[in-house]
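Summary of structural features
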Amino acid sequence: MTKYDIIATSAMGLEAVVAKEVRELGYDCTVENGRISFKGDALAIARANLWLRSADRIRIKVGEFKAFSFDELFEKTKALPWEEYLPENAEFPVQGKSVKSKLFSVSDSQAIVKKAIVDKLKTHYKKTGWLEENGPLYKIEVSLHKDVALLTIDASGSGLHKRGYRTGQGEAPIKETLAAALVMLTNWHPDKPFVDPFCGSGTIPIEAALIGQNIAPGFNREFVSEAWHWIPEKIWDEARIEAEDLAKYDQPLDISGSDIDHRMVKIAEENAFEAGLGDLIQFKQMRIQDFTTSKEYGVLVGNPPYGERLGDKAAVQKMYEEMGKVLVPLDTWSIYILTSDEEFEKLYGKEATKKRKLFNGFIKTDYYQYWGKRPPRTDRV
Ligand code: SAH
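Quick caveat, the model's predicted, so the values are computed rather than measured.

1. Section: the overall build of the protein
In terms of helices and strands, the protein carries 10 helices and 14 strands. Expected size for 381 residues packed as a compact globule is a radius of gyration near 21 Å; at 23 Å, the protein falls within 12% of this value. The principal-axis extents of the C-alpha atoms in the protein amount to approximately 75 × 45 × 45 Å. For the protein, the proportion of its 381 residues judged to be buried stands at 52%. Counting only contacts in the protein whose residues sit at least 6 apart along the sequence, the fraction spanning at least 24 positions is 78%.

In structure tokens, the structure reads:
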């Protein structure tokens, strides 16, 4: 069985979450520089694309080597077994990045890598003229980091956050991958209530429902590597049948989302429907200030406005104070709030059990975690 070097890329701060997911899929992995690396066969590539909830995308590593000069970059790129990955008609644009490296010109590095692969393929396929590049897409990346060149092929296509269900969104939607990570960082189990009182387009409750029913987040989309000849169609079928078998559509859920803006509630409902969840999630229009519940031991995850825009800050901070008044008394609930406001704990009126630094896009945020009381031990035999 061919083993590929597979890389799941991760947003800053989520590496440990992605690594845990990779291990749960059954692959040992190592973590470095926002990259979670593991070995696997073609099925592993399909499964990683279908299942990883918090990873940005899946890449296949073709090679990694030191390169201090363009000659070295050319020769070492050419020496890699491109013909094992790229057919004669492959379309293969090359992108690049360079950090702390002697070869700092990204455009030159890209052009050299492109030329080296063209040379290699022409020799291998005995072509004299142009390569037609009218076949399947192999997006190549040359990433230079401290003079080490890493050459990879993108196996996802659109980023993995593009699940395919978000047809409508508000002004500040959270990425689906981050939303899933926020849920996975809680102690939620599908038998507990789950609430997002700032649901916007519904991303967090929808990701929670997919997790709760063990539905593969990629079930509703395609991946660029489905057109690659070395991942046969039956491998994708196998991965999709496995996902279908593992889904627990009968798992009852108690998930709800609310938002002050009734238009968002409508969009959230439509997105949940698009995600195949029907009316499994209860959405309604409500202000956080009016939040009450008679339920216990639930989990609340909120991505409120941060007040970053000029003029918004005072209103948002007042809302954080009012939020503390309704949420702090719910001592059996575990409450998780993502915000960039460094005064959050003071305004909310309670120190977090734990904080975790995360990036929401380019915004530096903290994930404030307030752990609720544990449920009383029930008598077990
Ligand atoms: N996670 C959401 C985005 C949340 S943005 C998504 O992925 O789409 C913050 C949301 O909080 C906005 O939709 C806004 O309408 C809502 N909001 C602002 N003030 C609120 C309040 N006082 N109570 C409830 N919701 C509020």
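There's plenty left to go through after this.
2. Description of the pattern of salt bridges
Taken as a whole, this structure holds 23 salt bridges when the rule is applied. Arg166 is the partner of Glu176 in a salt bridge, and the nearest nitrogen-oxygen pair spans 3.3 Å. With Glu176 in helix α5 (residues 176-184) and Arg166 in the loop between β7 (148-154) and α5, this residue pair connects regions lying 10 residues apart in the sequence. Overlapping salt bridges, with partners in common, bring together Glu88, Lys127 and Glu132 in one network.

3. Quick notes on the environment of Ala247
In this structure, Ala247 sits in the loop between α7 (233-246) and β9 (255-259). Owing to a relative accessible area of 13%, Ala247 belongs among the buried residues under this scheme. Between the C-alpha atoms of Ala247 and Ile211, which are 36 residues apart in sequence, the distance is 9.5 Å. Not counting the four nearest positions on each side in its chain, Ala247 is found in contact with Gln213, Asn214 and Ile215.

4. Things to note about the packing of aromatic side chains
This structure, assessed with the given rule, holds 14 aromatic pairs. Taking 5.1 Å as the distance between ring centres and 35 degrees as the angle between the ring planes, the aromatic pair formed by Trp228 and Trp230 counts as tilted. Relative accessible area serves as the criterion here: at 10%, Trp230 is assigned to the buried category. Connected via pairs of aromatic rings, a cluster forms that spans Tyr4, Tyr85, Tyr138, Trp228 and Trp230. For the cation-ring pair, Lys114 lies above Phe92, with the distance from its terminal atom to the ring centre recorded as 3.8 Å.

5. Notes on the packing of α5 against helix α6 (residues 203-212)
Interhelical geometry of α5 versus α6 gives an angle of 65 degrees and a closest axis separation of 8 Å. For the element pair α5 and α6, the recorded crossing hand is right-handed. Touching Glu176, Ala179, Ala180, Leu182, Val183 and Met184 of α5 are Thr203, Ile204, Glu207, Ala208 and Ile211, all from α6. The residue makeup of the contact of α5 with α6, split by class, is eight nonpolar, one polar and two charged.

6. Observations concerning unusual backbone geometry
Even without being a glycine, Lys126 presents a positive backbone phi close to 50 degrees. Residue position: Lys126 is located in the loop between α4 (106-125) and β6 (140-145). Phi at Asp147 is positive, roughly 70 degrees, even though this residue is not glycine. Residue placement: Asp147 occurs in the loop between β6 and β7.

7. Focus: the side chain of Ser143
Residue position: Ser143 is located in strand β6. Judged by its relative accessible area of 7%, Ser143 is buried. Sequence-distant contacts of Ser143, defined by excluding residues within four places in its chain, comprise Arg35, Lys97, Val148, Ala149 and Leu150.

8. As for the pairing of β6
Within β6, five of the six residues are buried, leaving the element largely enclosed by the surrounding structure. Bridging between strand β5 (residues 94-99) and β6 involves six bridges; their strand directions are parallel. Residue pairing in the sheet places Val94 in a bridge with Ile140 of β6. Taking the sense of rotation as the criterion, the β-α-β connection linking β5, α4 and β6 turns out left-handed.

How each quantity is defined
Residues numbered from 1 in each chain as written. Predicted model: local features only at pLDDT ≥ 70, side-chain atom pairs only at ≥ 80, totals over all residues. Heavy atoms only, no water. Helix = DSSP H or I, 4+ residues; strand = E, 2+ residues; numbered from the N terminus. Rg over C-alpha atoms; globule rule 2.2 N^0.38 Å. Buried < 20%, exposed > 50% of the residue type's maximum accessible area, 1.4 Å probe, protein only. Contact = heavy atoms within 4.5 Å. Salt bridge = Lys/Arg side-chain N within 4 Å of Asp/Glu carboxyl O. Phe/Tyr/Trp six-rings, centres within 6.5 Å; stacked < 30°, edge-to-face > 60°. Lys NZ or Arg CZ within 6 Å of the ring centre and 35° of its normal. Axes fitted to C-alpha atoms, helices over the stretch in contact; angles between N-to-C directions. Left-handed = near helix turned anticlockwise from the far one by under 90°. Nonpolar A, V, L, I, M, F, W, Y, C, P; charged D, E, K, R; others polar. Pairing = 2+ DSSP bridges. Right-handed = clockwise from strand over helix to strand, strands pointing away.

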